[in-house]
Amino acid sequence: MKKYIGIDIGGTNIKYGLLDETGTILHKSKSKTSTKGQEIISRVKEIVATYQENHEIASVGISVPGVVEATGFMTTGGAIFDFYGIHLKDILEKELGVPVSVENDANSAALAEKWLGAGKQYANYFTAVVGTGIGGAIIINHDIYRGAHATAGEFGFMINKFIEAGDTRLASLSLTGSVQSGLVQRYQDETGTTAELDGEQIFTLAAAGDTNAQAIIDAFYHHLAIGIYNVLVTLDPEVVLVGGGISANPAFIKELNRRVRALQAGHRDMENMTLAEIRPCHFLNDAGIVGATYKAMKSCKEENVESGKNEVTALI
């Protein structure tokens, strides 16, 4: 059975794993992400070389932040500034000597769900990843929809409140509906606390009666529900799959659904319309490596088919 390597390059950690054709993770680990692009590439080489000592690797899938074109060219690289404007697929194939595919991290998460997760039964769905920022991916007819400039699904750039002082970014969903900015950073700013917090702690504070935390959570749900509502009425997907650590909380999914239904109920012309349900993603921390592996396998098969066509044409 063929072996593949899935590597999820995040702003904090590089998560990686060895997988087989069924999607079974045979081994996985992680290491800290360097701020320097060349050091990241060197680390990827080390990971691949280590696995190659005991396994024949068919291809390597890379999941990265930023705007990634279908060719593997990176228009942007999220927090990895050295990845802006580089052809990462070409660079890594030269360095590794094996086929490489490169995919946006939110798209990778959506592909993981399509292959082995909550999206298996759907042809058309939307995936929103709620974490440090907000990621999004659109699946149409079982495949990623990229748009004209590979930026389709950039859910976090959606504007969902009034723009103040001309700063569009502050009005975006990534700043109002993400765990880091919409919950943690806002709580720290409004209370003046310097304590290190996470989203779970904000919810704990709210449950204990902290009125600041309660108001901030209310606004967080409000902005996120507006964003998802806009996607629902624009794309009419079969389902919306929400990922990120917070999606593992059933109460979060339940409340998000309630908020979206309340928005629909407030619009008299939408009484007879059907809006898709919001459900949690199956994969959490492993989404990137599983989705990257699926993309690597799919790319290999497509290249083999194309190669076969070319050989037939040449013979004719």
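Structure first, text after, so check above.
Because the structure is a prediction, the values reported are computed rather than measured. (Residues numbered from 1 in each chain as written. Predicted model: local features only at pLDDT ≥ 70, side-chain atom pairs only at ≥ 80, totals over all residues. Heavy atoms only, no water.)

## Brief notes about the overall build of the protein
Thinking step 1. Looking only at helices and strands, the protein features 9 helices and 12 strands.
Thinking step 2. In summary, the protein has a C-alpha radius of gyration of 21 Å against a globular reference of 20 Å for 316 residues, a match within 12%.
Thinking step 3. Counting only C-alpha atoms and orienting by the principal axes, one finds that the protein spans roughly 70 × 50 × 40 Å.
Thinking step 4. Every one of the 316 residues in the protein was classed for burial, and the buried ones make up 48%.
Thinking step 5. In the protein, 60% of the contacts between residues at least 6 apart in sequence involve partners at least 24 apart.
Thinking step 6. For the protein, the computed accessible surface area is about 15,700 Å², with 52% contributed by carbon and sulfur atoms. (Helix = DSSP H or I, 4+ residues; strand = E, 2+ residues; numbered from the N terminus. Rg over C-alpha atoms; globule rule 2.2 N^0.38 Å. Buried < 20%, exposed > 50% of the residue type's maximum accessible area, 1.4 Å probe, protein only. Contact = heavy atoms within 4.5 Å. Areas by Shrake-Rupley, 256 points an atom, 1.4 Å probe, with all protein chains shown as cover.)

## As for the sheet that holds strand E1 (residues 3–9)
Thinking step 1. Reading across from one edge, E3-E2-E1-E4-E7 is the order of the 5 strands in this open sheet, with mixed pairing throughout. On the outer flanks of this sheet lie strand E3 (25–32) and strand E7 (100–104), each paired with one strand and no other. Sheet twist, expressed as the mean angle between neighbouring strand axes with direction ignored, is 15°.
Thinking step 2. Where strand E2 (residues 13–20) meets E3, 7 bridges bridge the pair, whose relative direction is antiparallel. Bridge pairing links asparagine 13 to lysine 32 in E3.
Thinking step 3. Helix H1 (residues 37–52) contacts E1, E2, E3 and strand E4 (57–64) of the sheet and is inclined by roughly 25° relative to E2.
Thinking step 4. Packing of helix H3 (residues 105–116) onto the sheet brings it into contact with E2, E4 and E7, and relative to E7 it is tilted by some 105°. (Pairing = 2+ DSSP bridges. Axes fitted to C-alpha atoms, helices over the stretch in contact; angles between N-to-C directions.)

## Looking at the sheet that holds strand E9 (residues 134–140)
Thinking step 1. If you trace the 5 strands from one edge of the open sheet to the other, you get E10-E9-E8-E11-E12, paired in mixed fashion. Each edge of the sheet is formed by a strand with only one pairing partner; in this case those strands are strand E10 (143–144) and strand E12 (277–280).
Thinking step 2. As defined by bridge partners, strand E8 (residues 125–130) adjoins E9 across 6 bridges and the pair is classed as antiparallel. Across the sheet, valine 129 pairs through a bridge with glycine 135, a residue of E9.
Thinking step 3. Running over the sheet, helix H8 (residues 250–265) touches strand E11 (239–243) and E12 and is turned about 165° from E12.

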